[in-house]
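Tertiary structure, described
Each chain, letter by letter, is given below.
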Amino acid sequence: MMYSWPKDLNEMSEAEIRAGLEELARDNQDAFFPVDGREALRAFQAVFRCQRCDICCLREMATQDKGIGVQAHEIGYLAKAKGLTPPQFLSTYCRLTPDGHVMQYPCPFYQQGCTIYKRRPFVCRVFPVAMKRQGSQILVGAQMICPSAPSAALEVLMAIRREIMKAKGVRDDSRVSQ
């Protein structure tokens, strides 16, 4: 289920936005941003700071179909890292879903840290970013299970709010309060 903001961001105070994000975090839902996906992805990655808590490596994410998404071009080097052929890797560590292959949890490459960090799958590189197709549009948001996601999501949403206010010619001096 996707969270619906109760009103336009420019009509919401920081406290209302913060409360919405807290609700999402409590319910382990994703917070999607009401702007172009590429713009939201860049904005989120610019403010996100990983705490290295390893939740993303060790705990099942509801939004990832109970596994770690693996793209077809990643299977070869992941298999090689485990000393397996691609078919052996797939049969040992993955299963096929309607959206493609997913690796099991906990991640088979995690041992007191990521053993393939420089070549980790795309979904790991962009975590906690969530992506969802809605018609022809790609929505980008934050997986709120990540402890660093709420504060980064708040910064992005407040920046989006400021841009909306600016476009409407309304002065908005609000900044994220700590």
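To be clear, the structure that these remarks concern was listed above.
Summary of the structure given here.

Conventions and cut-offs
- Residues numbered from 1 in each chain as written.
- Predicted model: local features only at pLDDT ≥ 70, side-chain atom pairs only at ≥ 80, totals over all residues.
- Heavy atoms only, no water.
- Helix = DSSP H or I, 4+ residues; strand = E, 2+ residues; numbered from the N terminus.
- Contact = heavy atoms within 4.5 Å.
- Areas by Shrake-Rupley, 256 points an atom, 1.4 Å probe, with all protein chains shown as cover.
- Pairing = 2+ DSSP bridges.
- Axes fitted to C-alpha atoms, helices over the stretch in contact; angles between N-to-C directions.
- Disulfide = S-S within 2.5 Å.
- Buried < 20%, exposed > 50% of the residue type's maximum accessible area, 1.4 Å probe, protein only.
- Left-handed = near helix turned anticlockwise from the far one by under 90°.
- Core = buried A, V, L, I, M, F, W, Y, C linked by side-chain atoms within 4.5 Å.
- Phe/Tyr/Trp six-rings, centres within 6.5 Å; stacked < 30°, edge-to-face > 60°.
- Lys NZ or Arg CZ within 6 Å of the ring centre and 35° of its normal.

Moving on: the overall build of the chain. Counting secondary structure elements, the chain contains seven helices and six strands. Written out in order from the N terminus, the α and β elements of the chain read α-β-α-α-β-α-α-β-β-α-β-β-α. Across the chain, every contact between residues at least 6 apart in sequence was considered, and the portion connecting residues at least 24 apart equals 66%. Counting only carbon and sulfur atoms, one obtains 51% of the accessible surface of the chain, whose full area is about 10,400 Å².

Turning our attention to the sheet that holds strand S4 (residues 100-103). Across the sheet, which stays open at both edges, the three strands sit in the order S2-S4-S3 with antiparallel pairing between neighbours. Of all strands in the sheet, those with a lone pairing partner are strand S2 (68-70) and strand S3 (94-97), marking the two edges. Direction aside, neighbouring strands of the sheet carry axes that sit 40° apart on average. Relative to S4, S2 runs antiparallel, the two being bridged by three bridges. Counted as the bridge partner of Gly69 is Val102 from S4.

So, on to the state of the cysteines. Going through the model one piece at a time under the given rule, you end up with zero disulfides. Looking at the unpaired Cys53, the closest cysteine sulfur is the one in Cys146, lying at 5.6 Å. Here Cys53 falls in the partly exposed class, since its relative accessible area comes to 36%. On the accessibility criterion, Cys146 (6% relative accessible area) is buried.

On to the packing of helix H1 (residues 14-27) against helix H7 (residues 149-167), then. Where H1 contacts H7, the two axes come as close as 10 Å, and the packing angle between them is 145°. With respect to the hand of their crossing, H1 and H7 are arranged in right-handed fashion. Seen from H1, the contacting residues are Glu14, Ile17, Arg18, Leu21 and Ala25; seen from H7, they are Pro150, Ala153, Leu154, Leu157, Met158 and Arg161.

Before going further, it helps to spend a moment on the pairing of S3. Bridge count between S3 and S4: four bridges; the pairing is antiparallel. For Arg95, the partnering residue across the bridge sits in S4 and is Val102.

Formed by 28 residues in total, the largest nonpolar core has its most connected members in Ile17, Leu21, Phe33 and Phe44. Every element with two or more residues in this core is listed here: H1, helix H2 (37-47), strand S6 (137-143) and H7. Ignoring anything within four residues of it in the chain, the contact list for Phe33 reads Ala40, Phe44, Val140, Gly141, Ala142, Ala153, Val156, Leu157 and Ile160. With 17 residues, the next largest nonpolar core counts Ile75, Tyr77, Cys94 and Phe109 among its residues.

Read from one edge of the open sheet, three strands run S1-S6-S5, paired in antiparallel fashion. Bordering the open sheet on either side are strand S1 (30-32) and strand S5 (129-134), each of which pairs with just one other strand. Between one strand axis and the next, the sheet turns through 35° on average, direction left out of account. As judged from the three bridges shared by S1 and S6, these two strands associate in the antiparallel manner. Across the sheet, Ala31 pairs through a bridge with Ala142, a residue of S6.

Here we come to the packing of aromatic side chains. Counted under the stated rule, the structure contains three aromatic pairs. A ring pair is formed by Phe44 and Phe48, whose centres lie 5.6 Å apart and whose planes are at 20°; its orientation type is stacked. Between the aromatic rings of Phe89 and Tyr93, the centroid separation amounts to 5.5 Å while the plane-to-plane angle is 40°, which identifies the pairing as tilted. Remark: Tyr93 and Phe89 occur in helix H5 (residues 86-93); sequence separation between them is four residues, near one turn of the helix. With respect to burial, Phe89 and Tyr93 carry one shared label: buried. A connected cluster of aromatic rings, assembled from ring pairs, spans Phe89, Tyr93 and Phe109. One Lys or Arg, Lys82, reaches over the ring of Phe109 and ends 5.2 Å from the middle of that ring. The ring of Tyr117 is capped by Arg120, whose NZ or CZ atom sits 3.8 Å from the centre of that ring.

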